[in-house]
Amino acid sequence: MIPSSCLVLGIESSCDETAASVVDASESAESPRVLSDVVASQAELHAPHGGVVPEIASRRHLHDIGDVVAEALQRCGASIGDLSGIAVTNGPGLVGPLLVGVSFAKSLALAGGLPLVGVHHLAGHVRAAFLLSRESVAEDAQAAREPDAPYLALIVSGGHTSLYRVTRSGFSRRYEELARTLDDAAGEAYDKCGKLLGLGYPAGARIDRLARSFSGTQVDFPRARIKVDGGRGVTRRAFSFSGIKTSVRQLVVTSALQPLREGEDPAGRPDLLAVLAGFQEAVVSMIVSSTIHVLEAEGLRHLVAVGGVSANSLLRERLAQACRESGATLRIPAPRWSTDNAAMIASAGALALRAGRSDGLGLRANPALSLSEAA
Ligand code: KG4
Ligand code: ZN
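What counts, and at which threshold
Residues numbered from 1 in each chain as written. Chains lettered and ligands numbered in written order. Predicted model: local features only at pLDDT ≥ 70, side-chain atom pairs only at ≥ 80, totals over all residues. Heavy atoms only, no water. Domains from an automatic or database assignment. Contact = heavy atoms within 4.5 Å. Buried area = accessible area lost by both parts, 1.4 Å probe. Salt bridge = Lys/Arg side-chain N within 4 Å of Asp/Glu carboxyl O. Polar contact = N/O pair within 3.5 Å; in protein donor to acceptor, adjacent residues only side chain to side chain. Helix = DSSP H or I, 4+ residues; strand = E, 2+ residues; numbered from the N terminus. Pairing = 2+ DSSP bridges. Axes fitted to C-alpha atoms, helices over the stretch in contact; angles between N-to-C directions. Near = heavy atom within 4 Å. Areas by Shrake-Rupley, 256 points an atom, 1.4 Å probe, with all protein chains shown as cover. Core = buried A, V, L, I, M, F, W, Y, C linked by side-chain atoms within 4.5 Å. Buried < 20%, exposed > 50% of the residue type's maximum accessible area, 1.4 Å probe, protein only. Phe/Tyr/Trp six-rings, centres within 6.5 Å; stacked < 30°, edge-to-face > 60°. Lys NZ or Arg CZ within 6 Å of the ring centre and 35° of its normal.

## Things to note about the domain arrangement of the protein chain
Item 1. Splitting the protein chain by domain gives domain 1 (7–131 + 336–374) and domain 2 (178–332).
Item 2. The partner domain 2 presents 11 residues to the 14 residues of domain 1 that form the contact.
Item 3. A combined buried area of about 920 Å² lies between domain 1 and domain 2, and 69% of that area is made up of carbon and sulfur atoms.
Item 4. A per-residue breakdown of the area domain 1 buries against domain 2 is headed by Gly-50, Ala-129 and Ser-338, which together make up 43% of the total.
Item 5. The tally of links from domain 1 across to domain 2 stands at 0 salt bridges.
Item 6. The interface formed by domain 1 and domain 2 contains 2 residue pairs in polar contact (both at pLDDT 80 or more).
Item 7. At the level of secondary structure, the elements contributing two or more residues to the side of domain 1 that touches domain 2 comprise helix H1 (43–46) and helix H4 (121–127).

Pasting the structure below:
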């Protein structure tokens, strides 16, 4: 039986977003409704450094977290007393930022006498594909329904690019890693390429827009097709994005390409746009080809694609086309839930609570938490 009211507060602070959200899992623990969803991004603070500075991130999380949680509660008219539980990201991520979220969640759980569950950040990302907005109707619920397990999860973000086979037992989920990047994550490649070309941080969404605005001849970049020994005589696909980053760096180092100058309009730089379009084409085609290869090799029929890079417009189109051709179903979150948010953490927490888990005040932040061991 699902309780008549099951509101779960989620808190996320593993990197450079302080986020809080309340979801309602009364109708479904698998596809809860998002009642409020607040994200305070620190991107501007880190932009001058070209990446996240952990100390600066910790201090800003500490500054913002009280207000962000209060706003998430206030936006849906809930108080601590209305909640059924609290979920918080306890890894992986930056240790200082994680500690801020975990400590704050513990104090709220203690004050409200509420169960507390730790959520693996990547397990949270997977749940983002099944979230329902407050206004969603029956057809939306059907479109967002979690596919029958086992299914393949592509997690493609600033910190990770991996494929997992997801299996279920009741309200628990298990994640078996089938492929991963050998070097950079796809989002990291976007951000590093953006830094080299003067496009700011993070650069993924901007490169996506600029690349799509270009219709000329793209620069052709080499595509890595990596296979690794998967044990027991099996070869497995892996991802690699450092080669393409090096190719872009070479263009800049040899002065074949000038980075965008401050205040310069990228629309007047077809040479730069041709590089961005070629970069995006190569990265997306590498992700799609390895994902479909693993999907078919494993005999899986359903793909779930999540994480910040799953907001990419070309990746969304190409995955949809490839899944159609392969006869597989595809779930991708709405773009606002592809990138870091707390609704996905609250959703994973709702499922964990339904599975009977409660971590209590002994919960620890673990920057290297493994998804294969997470429930
Ligand atoms: O999932 P996320 O918010 O944080 C991590 O857990 O890493 O992902 C952030 C990453 C950044 O590298 C950002 O540049 C990338 O996602 N990103 C995109 C797009 N939107 C965000 N990359 C490509 N195209 C996009 N539209
Ligand atoms: Zn993330």
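## Here we look at the sheet that holds strand S5 (residues 116–120)
Item 1. If you trace the 6 strands from one edge of the open sheet to the other, you get S5-S4-S1-S2-S3-S6, paired in mixed fashion. Of all the strands in the sheet, just S5 and strand S6 (132–133) have a single pairing partner and so form its edges.
Item 2. As paired elements, strand S4 (residues 85–91) and S5 share 5 bridges and run parallel to each other. The residue of S5 that forms the bridge with Gly-91 is His-120.
Item 3. Running over the sheet, helix H3 (residues 95–112) touches strand S1 (7–12), S4 and S5 and is turned about 160 degrees from S4.
Item 4. Here helix H12 (residues 343–354) sits on the sheet and contacts S1, strand S2 (17–24), strand S3 (33–41), S4 and S5; the angle it forms with S1, its principal contact strand, is near 130 degrees.

## Details of the site of ligand 1
Item 1. For ligand 1, the set of nearby residues contains 20 residues, the closest of which are Gly-158, Asp-191, Gly-308, Asn-312 and Asp-340.
Item 2. Here an oxygen atom of ligand 1 sits 3.3 Å away from a polar atom, N or O, in the main chain of Gly-159.
Item 3. Within the backbone of Asp-340, an N or O atom sits 2.9 Å from an oxygen atom of ligand 1.
Item 4. In isolation ligand 1 exposes 560 Å². Once the protein is present, 88% of that is buried.

## Regarding the nonpolar core
Item 1. Residues Leu-154, Leu-197, Leu-276 and Phe-279 are the most contacted members of the largest nonpolar core, which totals 52 residues.
Item 2. Residue assignment for this core shows that the elements contributing at least two residues are strand S7 (151–156), strand S9 (172–180), helix H6 (186–196), helix H7 (204–212), helix H8 (242–253), helix H9 (270–297), strand S12 (302–306) and helix H10 (313–326).
Item 3. Top element by residues in this core is H9. It accounts for 16 residues.
Item 4. Setting aside chain neighbours within four positions, we find Phe-279 in contact with Ala-189, Tyr-190, Cys-193, Ile-207, Phe-221, Ile-244 and Val-248.

## Topic: the packing of aromatic side chains
Item 1. Within the structure shown, the criterion is met by 4 aromatic pairs.
Item 2. Arranged with centres 6.4 Å apart and planes meeting at 90 degrees, the rings of Tyr-164 and Tyr-175 form a pair that is edge-to-face. You can see Tyr-164 sitting in strand S8 (residues 161–169) and its partner Tyr-175 sitting in strand S9, a full 11 residues away along the chain.
Item 3. Summarising the aromatic geometry, the rings of Tyr-190 and Phe-279 are spaced 5.1 Å apart at their centres and angled 85 degrees between planes, so their arrangement reads as edge-to-face. Here Tyr-190, found in helix H6, pairs with Phe-279, found in helix H9; they are 89 residues apart in sequence, far enough to count as distant.
Item 4. Judged by relative accessible area, Tyr-190 falls into the buried class, the value being 3%.
Item 5. Note on Phe-279: relative accessible area 0%, which makes it buried.
Item 6. Arg-336 extends its terminal NZ or CZ atom over the ring of Trp-337, reaching a point 4.0 Å from the ring centre.

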